Amino acid sequence: MNNKKLSGLFYTAVMGVAVLSLGSCTEKKFNINGTITQAKDSVLYLENMSLNGPKAVDSVKLDENGNFEFKQKAPDAPEFYRLRIASQMVNLAVDSTESITVKAAYPTMSANYEVSGSEECTKIRDLAYMQLALQRQVTAIANSPTLGVEAVEDSVTKVLEVYKNKVKLNYIFKEPMKAYAYYALFQTIVLGNANILIFNPRSSKDDVKVFAAVATSWDTYFPKAERGLNLHNIAIEGMKNVRIAENNVRQTISADKVKVAGVIDIALTDNHGRVRKLTDLKGKVVLLDFQAFAAEGSLKRIMMMREIYNKYHDRGFEIYQVSFDPEEHFWKTKTAALPWVSVWDENGTRSAVLAQYNVQTLPTFFLIDRNNTLQKRDAQIKDLDAEIQALL
């Protein structure tokens, strides 16, 4: 090979390295830095809140000063991250090469932190604080000893509507293309032992419209974003579910279904092939249980229920358990040895029964007295044994 060709190849190789180096140096990154005090020797994680759950992308062991800094590749569309120490978290949104500063103290960083450098993150902090205040309201209502089942449901519904209207007006509809609008869609509250979406596209026509509004806006501003596509899928599925639920309610609710006793009757086939009606158990104290045996923790829950059943059955206690599992054979296998009434709803989570009883999350249960009157739902019950004994 002559010197001229060798020189040309060398030049090409050098230029290739130079281009690669230039690309590496100019890669867009965002920066998250700050201070978490009172957390010496704690590990602070930076986690990406992906559609498949949190994924750790970096971490640092904090010293006595609590200073930290994370740098990551800037996303093409708004993306969500969180800073986490144990169960304490600060939620953040990143949509460019911004530099975000967070200041907090452990172990109260979730409820009390400062953030600067990003209006999106400031809005998310405001929403997080509002969510905590809402949770306190809901917990106080659910724990009120003076409120019955209907009063609790009515009160919780009212405070949720006030919250939702405020969030829709000031955050979601105001700038639906923003990351904080997306964040607001997936806020939850704890009611009973379950996390419940505040905006629930599975059962609320109005909430489906809210999801659709953000999805449409993300289509315009971030046409290739995976999160925008996910919102569209949720909205479309929500529309289907709402239509099915409305049709089921129209077809199944009739005047003779609502008893004077104050309970909506259920008539489904049990695991022995017999139709079992909830109101046929009048004269007994009944735990009406809505269950999915395929759900995590189901076996442990059934063992606890069996203990309660064995303890009180001889005194007039019964369990009427409705399964919403998608497959009948699976349900029959799981319930073959259970001593109480076990029925299956073939409509699964699209069942009209769930809509009638305002059930948004499984599992859940209600207590019914000997007169077939609905007394309390799980969110109101602190001591199940004591409640059952009082009704017996």
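All values reported here derive from a predicted model rather than from experimental measurement.

Draft legend 1. Structural detail: the overall build of the chain. Of the regular secondary structure elements, the chain holds 10 helices and 17 strands. The buried share among the 392 residues of the chain stands at 44%. Pairs at least 24 residues apart make up 60% of the contacts formed inside the chain by residues separated by at least 6 positions. Just so you have it, the chain exposes about 20,800 Å², and 52% of that area is on carbon and sulfur atoms.

Draft legend 2. Layout of the layout of surface pockets. The computed volume of the second largest pocket comes to approximately 840 Å³. As for the second largest pocket, its lining consists of 28 residues, and the residues nearest its centre are Asn91, Gln131, Tyr183, Phe186 and Thr188. Taken together, the elements giving at least two residues each to the lining of the second largest pocket come down to strand E2 (43–50), strand E5 (79–85), strand E6 (88–94), helix H2 (119–142), helix H4 (179–185), strand E9 (188–191) and helix H6 (226–252). Class assignment of the residues belonging to the lining of the second largest pocket gives a composition of 16 nonpolar, 10 polar and two charged.

Draft legend 3. Examining the packing of H2 against helix H3 (residues 149–172) more closely. Between H2 and H3, the shortest axis-to-axis distance is 9 Å and the interhelical angle comes to 170°. Here H2 is positioned roughly antiparallel relative to H3, judged by the angle of their axes. Every residue of H3 that contacts H2 at Lys123, Asp126, Leu127, Met130, Gln131, Leu134, Gln137, Val138, Ile141 and Ala142 is listed here: Val152, Ser155, Val156, Val159, Leu160, Tyr163, Lys166, Val167 and Tyr171. Its residues placed into classes, the contact of H2 with H3 shows 13 nonpolar, three polar and three charged.

Draft legend 4. Region of interest: the nonpolar core. Within the largest apolar cluster, 41 residues are counted, with the highest numbers of intra-cluster contacts made by Leu134, Val167 and Ile172. Looking at this core, the elements with two or more residues in it are H2, H3, H4, E9, helix H5 (205–221) and H6. Setting aside anything within four residues of it in sequence, one finds Leu134 in contact with Val159, Leu160, Tyr163, Ile189 and Ile198. One finds Ala39, Leu46, Phe70 and Val102 within the second-largest nonpolar core, a separate group that totals 22 residues.

Draft legend 5. Spotlight on the pairing of strand E15 (residues 341–344). Neither face of E15 is exposed, since Val341 and Val343 on one face and Ser342 and Trp344 on the opposite face are all buried. For the crossover that starts at strand E14 (residues 317–323), traverses helix H8 (residues 328–335) and ends in the parallel E15, the hand is right-handed.

Draft legend 6. Focus on the confidence of the model for the chain. When pLDDT is averaged along the chain, the result is 85, and 88% of the positions lie at 70 or above. Note on residues 1–25: pLDDT under 50 across the span, and two contacts to partners over four residues away in sequence or across chains. Within the model, pLDDT remains below 50 along residues 249–261, and this stretch shows 16 contacts once partners closer than five positions in the same chain are excluded.

Draft legend 7. Inspection of the side chain of Ser323 at higher detail. Relative to the assigned elements, Ser323 resides in strand E14. Sequence-distant contacts of Ser323, defined by excluding residues within four places in its chain, comprise Gln291, Phe293, Trp331, Val343, Trp344 and Asp345.

Draft legend 8. Spotlight on the sheet that holds E5. Taken in spatial order, the four strands line up as E3-E2-E5-E6 in an open sheet, and their pairing is antiparallel. Each of the sheet's edge strands pairs with one partner strand only, and the pair in question is strand E3 (53–61) and E6. The sheet shows a mean angle of 25° between the axes of neighbouring strands, direction not considered. Across four bridges, the pairing between E2 and E5 is antiparallel. In the strand pairing of E5, Asn48 is matched with Tyr81. Packing of H2 onto the sheet brings it into contact with E5 and E6, and relative to E6 it is tilted by some 140°.

Draft legend 9. Spatial organisation of the packing of helix H7 (residues 298–312) against helix H10 (residues 384–391). Orientation of H7 relative to H10, taken along the N-to-C sense of each, is 30°, at an axis distance of 12 Å. Here H7 lies roughly parallel to H10, going by the angle between them. The hand of the H7/H10 crossing is right-handed. Taking contact as the criterion, the partners of Ile308, Lys311 and Tyr312 in H7 are, on H10, Leu384, Asp385, Ile388 and Gln389. By residue class, the composition of the contact of H7 with H10 is four nonpolar, one polar and two charged.

Draft legend 10. Region of interest: the pattern of salt bridges. Considering all chains together, one arrives at 14 salt bridges under this definition. A salt bridge links Glu47 to Arg82; the nearest nitrogen and oxygen atoms lie 2.6 Å apart. Note that Glu47 is positioned in strand E2 and Arg82 in strand E5, a separation of 35 residues in sequence. Comparing Glu47 with Arg82 shows no difference in burial state: the two are buried. One continuous salt-bridge network, built from bridges that share partners, spans Glu47, Arg82 and Arg84.

Rules behind the numbers
- Residues numbered from 1 in each chain as written.
- Predicted model: local features only at pLDDT ≥ 70, side-chain atom pairs only at ≥ 80, totals over all residues.
- Heavy atoms only, no water.
- Helix = DSSP H or I, 4+ residues; strand = E, 2+ residues; numbered from the N terminus.
- Buried < 20%, exposed > 50% of the residue type's maximum accessible area, 1.4 Å probe, protein only.
- Contact = heavy atoms within 4.5 Å.
- Areas by Shrake-Rupley, 256 points an atom, 1.4 Å probe, with all protein chains shown as cover.
- 1 Å grid on protein atoms, 1.4 Å probe; cavity = no way out; pocket = protein on both sides within 12 Å on 5 of 7 lines; lining within 4 Å.
- Points joined across faces, edges and corners; volume = space filled by probe spheres on them.
- Nonpolar A, V, L, I, M, F, W, Y, C, P; charged D, E, K, R; others polar.
- Axes fitted to C-alpha atoms, helices over the stretch in contact; angles between N-to-C directions.
- Parallel < 35°, antiparallel > 145°, perpendicular 65-115°, else oblique.
- Core = buried A, V, L, I, M, F, W, Y, C linked by side-chain atoms within 4.5 Å.
- Right-handed = clockwise from strand over helix to strand, strands pointing away.
- pLDDT = per-residue confidence, 0-100.
- Pairing = 2+ DSSP bridges.
- Left-handed = near helix turned anticlockwise from the far one by under 90°.
- Salt bridge = Lys/Arg side-chain N within 4 Å of Asp/Glu carboxyl O.

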